[in-house]
Amino acid sequence: MSTEEGERDIAEHRIAIDALDRELLRLLNERAAHAQTIGRLKAAGAAYRPDREAQILRGLQQENHGPLPDEAVAAVFRQVMSACLALEQKLSIAYLGPAGTFSHAAVEKHFGDGVAAQPYASIDEVFRAAESGQTDYAVVPVENSTEGAVGRTLDLMCQTDLTIVGEVKLRIRQHLLSRAPSLESITRIYSHAQSLSQCLLWLARHLPAVPRIPVASNAEAARMAASEEGAAAIAGDAAASIYGVDVLVPHIEDDPNNTTRFWVLGRQKSMPSGRDETSLVMSAHNRPGAVHALLEPFATHRVSMSRLESRPARTGLWEYLFFVDLEGHQDDPPVAAALAELRHRAPFLKLLGSYPAATY
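Reference entry: report on the structure contained in this document. Just so you know, the residues in each chain are numbered from 1, in the order the chain's sequence is written. Thresholds applied to this predicted model are a pLDDT of at least 70 for local features of residues and 80 or more for the giving and counting of side-chain atom pairs; totals over whole chains, interfaces and linings are not thresholded and use all residues. The basis for every side-chain value is the complete set of heavy atoms in the structure, and neither hydrogens nor water enter the calculation.

### Description of the overall build of the chain
Alright, step 1. A run of DSSP states H or I qualifies as a helix once it reaches four residues; a run of E qualifies as a strand once it reaches two. Both are numbered from the N-terminal end. Across its full length, the chain holds twelve helices and 15 strands.
Alright, step 2. When its C-alpha atoms are laid out on the principal axes, the chain stretches across 80 × 60 × 40 Å.
Alright, step 3. Classification of residues uses two cut-offs on accessible area relative to the type maximum, computed with a 1.4 Å probe and protein chains only: under 20% is buried, over 50% is exposed, and between them is partly exposed. Expressed as a percentage of the 360 residues in the chain, the buried residues total 45%.
Alright, step 4. Pairs at least 24 residues apart make up 76% of the contacts formed inside the chain by residues separated by at least 6 positions.
Alright, step 5. Residue exposure ignores everything except the shown protein chains as possible cover, and the areas themselves are Shrake-Rupley values with a 1.4 Å probe. When the accessible surface of the chain is totalled, it reaches about 18,200 Å², and 54% of it is carbon and sulfur. In this analysis, two residues are considered to be in contact whenever any of their non-hydrogen atoms come within 4.5 Å of each other.

### Remarks on the nonpolar core
Alright, step 1. Membership of the largest hydrophobic core comes to 24 residues, with the highest contact counts inside it found for Phe127, Met157, Ile164, Trp263, Leu265 and Leu352.
Alright, step 2. Ranked by residues supplied to this core, first place goes to helix α5 (residues 123-131) with five residues.
Alright, step 3. Formed by 19 residues, the second largest nonpolar core is a distinct cluster that contains Leu91, Ala106, Val107 and Leu170. The set of buried Ala, Val, Leu, Ile, Met, Phe, Trp, Tyr and Cys residues whose side-chain atoms join them within 4.5 Å is what this entry labels a nonpolar core.

### A word on the pattern of salt bridges
Alright, step 1. We define a salt bridge as a side-chain nitrogen of Lys or Arg found within 4 Å of a carboxyl oxygen belonging to Asp or Glu. Tallied over the full model, the rule gives 19 salt bridges.
Alright, step 2. With a closest N to O distance of 2.8 Å, Glu167 and Arg261 form a salt bridge. Taken together, the residues Glu167 in strand β5 (residues 163-171) and Arg261 in strand β11 (residues 259-266) connect sequence positions 94 residues apart. The pair Glu167 / Arg261 is uniform in exposure class, with both members buried.
Alright, step 3. The residue Lys269 makes a salt bridge to Asp331 at a minimum N-O spacing of 2.9 Å. Here the residue Lys269 occupies a position in the loop between β11 and β12 (276-283), and Asp331 occupies one in the loop between β14 (320-327) and α12 (333-345), the gap between them amounting to 62 residues.
Alright, step 4. Overall, Asp331 belongs to the partly exposed group, its relative accessible area being 38%.
Alright, step 5. What you see here is one network of salt bridges that share partners, running through Glu143, Glu167, Arg261, Glu277, Arg307, Glu309 and Asp325.

### Thoughts on the environment of Arg302
Alright, step 1. The topology assignment puts Arg302 in the loop between α11 (290-300) and β13 (305-312).
Alright, step 2. In this structure, the C-alpha to C-alpha distance between Arg302 and Val335, residues 33 residues apart in sequence, is 8.6 Å.

### A few points about helix α3 (residues 70-88)
Alright, step 1. Expected span of a helix: the number of residues minus one, times 1.5 Å. For α3, with 19 residues, the first-to-last C-alpha span of 27 Å sits near the 27 Å given by 1.5 Å per residue.
Alright, step 2. Regarding α3, the residues found buried are Val73, Ala74, Arg78, Val80, Met81, Ser82, Cys84 and Leu85.
Alright, step 3. In this structure, the buried residues of α3 make contact with α1 (3-42), α2 (50-63) and α4 (102-111).

### Section: the packing of aromatic side chains
Aromatic ring pairs are reported here in terms of the distance separating the ring centres and the angle at which the planes meet.
Alright, step 1. Note on aromatic contacts: the rings of Phe and Tyr and the six-membered ring of Trp form a pair at centre separations within 6.5 Å, being stacked when their planes are under 30 degrees apart, edge-to-face when over 60 apart, and tilted otherwise. For the coordinates displayed, the defined rule picks out three aromatic pairs.
Alright, step 2. Put simply, the rings of Tyr48, Phe111 and Tyr137 pair up and form one aromatic cluster.
Alright, step 3. The cationic tip of Lys109 hangs over the ring face of Tyr360; the distance from NZ or CZ to the ring centre is 5.0 Å. Charge-over-ring placement is defined geometrically: NZ (Lys) or CZ (Arg) within 6 Å of the ring centre, and within 35 degrees of the ring normal.

### Quick look at the pairing of β14
Alright, step 1. Among the eight residues of β14, six are classified as buried, and the element is accordingly described as predominantly covered.
Alright, step 2. The pairing of β13 with β14 spans seven bridges and is antiparallel. Residue pairing for β14: Arg307 is matched across the bridge by Asp325. Pairing between two strands requires that DSSP report at least two bridges joining them.

### A closer look at the packing of α2 against α3
Alright, step 1. It is the contact of α2 with α3, at a shortest axis distance of 9 Å, that shows an interaxial angle of 145°. For the pair α2 and α3, the crossing hand works out as right-handed. Residues Glu53, Ile56, Leu57, Leu60 and Gln61 of α2 lie in contact with α3, whose contacting residues are Asp70, Val73, Ala74, Phe77, Arg78, Met81 and Leu85.
Alright, step 2. Of the residues that constitute the contact of α2 with α3, the class distribution is eight nonpolar, one polar and three charged. In this description, a line fitted to the C-alpha atoms serves as the axis of each element, helices being fitted only across the stretch in contact, and the angle between N-to-C directions of two axes falls anywhere from 0 to 180 degrees. Take the far helix as the reference: if the near one is turned anticlockwise from it by less than a right angle, the crossing is left-handed, and if turned clockwise, right-handed. Residues are grouped as follows: Ala, Val, Leu, Ile, Met, Phe, Trp, Tyr, Cys and Pro are nonpolar; Asp, Glu, Lys and Arg are charged; every other residue, Gly included, is polar.

### A closer look at the side chain of Glu143
Alright, step 1. If you trace the backbone, Glu143 turns up in strand β3 (residues 137-144).
Alright, step 2. Polar contacts involving the side chain of Glu143 include one to the side chain of Arg307, which spans 3.4 Å.
Alright, step 3. If we skip the residues at most four places from it in the chain, Glu143 touches Gly148, Ala149, Val150, Thr259, Thr260, Arg261 and Arg307. Here a polar contact is recorded for every N or O atom pair within 3.5 Å, except that within protein the pair must consist of a potential hydrogen donor and a potential acceptor, and residues adjacent in sequence are included only if both atoms are side-chain atoms.

Nothing here speaks to function; it is geometry throughout.
And the structure:
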């Protein structure tokens, strides 16, 4: 093919893309108009429907035949839904700040850019913001695949009136950020303690003698690395962009599959979406076989557990609470039957919520 023929083919493809973009714009605005009408018809009803959004994203992924990967399709349509939702109601979302944290990234992944993301200095403050109505929802970290459960989140879930309405699974990509020209120029490393733990092997191999200084958040670490000569931070892409500091070495996390799970907390009940999870917390009698008795209803009704974790109950020495994640919605007959039995066996039982499983 000659250069002239190649340029002519490129021009034809660009003309086709321009036409498709105009058609996409027309269809997007048509979709937005339907969303506005639905908002008026619902009146005081909740604008955000996590079950409905999960069904849409899963359906689109099933219909997807490429070349775009499923994750890209979900991300694009998440932004479309976010923009349409903002026409009905501009949601405010509390998260553990400041801007640039992984919690911030979880808000953007789940809600898109059409919301007001509100940073708070602690997980306690994030809970209080949603509980008091300062924000519509909250996003809180619950567990990391490397470091385990986030204890403060679990403790507060026992006390709050909020319920889990959704979940986010965020792949954690840790980078070494610095304005230093090389690793040899780095004199100190700032990061959140958990991120330092997630990069221990890399740090031991490449920067074994450099002091590691825990700070309140990765975003704060990035801010310090941007302003102090010889300083470096371990943080993600968002922090690097917000605070204007270079990625000196990308992907330094020890586990390439490092993932953090977040819960979306609100007040409405999430309806069944077709692929859901249910979370609860319970206690056991202090006697032999007590925990077995609590788990037996799940086996009887063939309900799968995806997580079982114990934490001190803070009510007495050697007393524990058990946090459980189940596959299925609380309204699904097998789950409902198992929970009905469990209520007669557990001294304490709190249903934390049923919600759509993360779609991507």
